[in-house]
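Residues per chain are reported as follows:
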Amino acid sequence: MRIFVGQLAAGDVAIRGDEHHYVSRVRRARVGDAIELVDGAGKRARGVIEKIGEAETVVRVDGVEEIADVLPRVRAIVPWIKGDRMDTCVEKLVEVGVDEIVVWPAVHAVVKLDGKRLTSRVEHYAALAQAAARQSGRASVPSLIAVTSLADAITRLPAGGARVALDPGADRGAWPSAADVSIISGPEGGLAPAEHDALAAASFISLGLGPRVLRAETAPVIAVALVRAATQS
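Residues numbered from 1 in each chain as written. Predicted model: local features only at pLDDT ≥ 70, side-chain atom pairs only at ≥ 80, totals over all residues. Heavy atoms only, no water.

## Brief notes about the pairing of strand 4 (residues 43–52)
In this sheet, strand 4 lies alongside strand 3 (residues 34–38) in antiparallel orientation, the contact comprising five bridges. Bridging from a neighbouring strand, L37 pairs with A45 of strand 4. Between strand 3 and the antiparallel strand that follows it, strand 4, lie four residues; G40 among them carries a positive phi value of about 75°. Summarising the sheet, strand 4 and strand 6 (residues 65–66) pair through two bridges and their orientation is antiparallel. Paired with K43 across the two strands is E66, which belongs to strand 6. Between strand 4 and the antiparallel strand that follows it, strand 5 (residues 56–61), lie three residues. (Pairing = 2+ DSSP bridges. Helix = DSSP H or I, 4+ residues; strand = E, 2+ residues; numbered from the N terminus.)

As structure tokens, this is what we get:
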């Protein structure tokens with residue numbers, strides 16, 4: 001059983017909120033059960049449950065260890081997608097091994113958010129990412145941010161690395177090899193001509209995923225899975 005905690009250190013660690021509910025109600029854990037704690041940022045520890053109360057679970061931790069990064073670092077830049085299909089996209093991206101999720105306002109995207117609605121939606125997706133990380137056995141939670149424009153997304157990218165724009169009209173080619181891979185995808189209506197130009201100017205190469213046009217929530221998941229399958233045993 002793996003649980004995410006805000007801070008991880010040797011000694012007694014208190015688990016509260018949703019994670020406490022998961023331990024006590026969903027998993028029906030008992031005092032004396034072994035448990036693994038991770039902080040979502042590269043540290044983990046094994047411990048034993050000492051106490052389960054109404055508001056918290058207390059775990060005794062003996063030592064904390066660092067988790068080595070698994071390369072390449074994979075970033076998915078996805079458009080806003082309507083309804084629960086966005087939930088599916090976030091969950092599956094986490095499951096197949098994405099490290100960062102950047103949501104951007106594509107010209108042809110149906111969903112347009114700002115203000116409190118934007119903040120609430122980002123918080124919702126961040127919670128989904130954490131739940132998906134726990135379910136899939138990951139020790140780290142991918143970061144998730146929403147940017148204000150395509151230019152903002154491009155500016156945030158690290159120098160170097162591989163940059164791929166998914167395009168159903170492009171040929172299937174070999175995925176570039178690099179320690180950092182950024183994959184951008186468009187909405188159901190596709191990328192606008194100006195967006196294609198901006199990506200080309202930022203050194204993105206266009207690659208296709210096969211003969212069929214995939215949905216907006218499916219294409220980035222397949223692309224991340226292909227990168228992971230090609231680079232990890």
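## Structural notes on unusual backbone geometry
The omega torsion across L71 and P72 is 5°, close enough to zero to call that bond cis. Position of P72 relative to the elements: it lies in the loop between strand 6 and strand 7 (73–79). With a phi close to 50°, R28 is a non-glycine residue in the positive phi region. Here R28 lies in the loop between helix 1 (17–26) and strand 3.

## Examining the nonpolar core
Core analysis: the largest hydrophobic core is formed by 37 residues, its most contacted members being V78, W80, L93, I101 and I183. Secondary structure elements with two or more residues in this core: strand 7, helix 2 (84–96), strand 8 (100–104), helix 3 (115–135), strand 10 (162–166), strand 11 (180–184) and helix 6 (219–231). It is helix 3 that contributes the most residues to this core, six residues altogether. With near-sequence residues (within four places) excluded, I101 lies in contact with A76, V78, V90, L93, V94, S143, L144 and I145. Membership of the second largest hydrophobic core comes to 16 residues, among which are I154, A165, L199 and A202. (Core = buried A, V, L, I, M, F, W, Y, C linked by side-chain atoms within 4.5 Å. Buried < 20%, exposed > 50% of the residue type's maximum accessible area, 1.4 Å probe, protein only. Contact = heavy atoms within 4.5 Å.)

## Side note on the pattern of salt bridges
Applying the stated criterion across every chain yields a total of 18 salt bridges. Among the ionic pairs, R75 bridges to E100, the shortest N-O distance being 3.0 Å. Of this pair, R75 sits in strand 7 while E100 sits in strand 8; the two residues are 25 residues apart in sequence, bridging distant segments of the chain. For the residue pair R75 and E100, the accessibility class agrees, reading buried in each case. One salt bridge in this structure joins D99 and R228, with 2.7 Å as the shortest N-O distance. Here D99, found in the loop between helix 2 and strand 8, pairs with R228, found in helix 6; they are 129 residues apart in sequence, far enough to count as distant. Since its relative accessible area comes to 10%, R228 is described here as buried. (Salt bridge = Lys/Arg side-chain N within 4 Å of Asp/Glu carboxyl O.)

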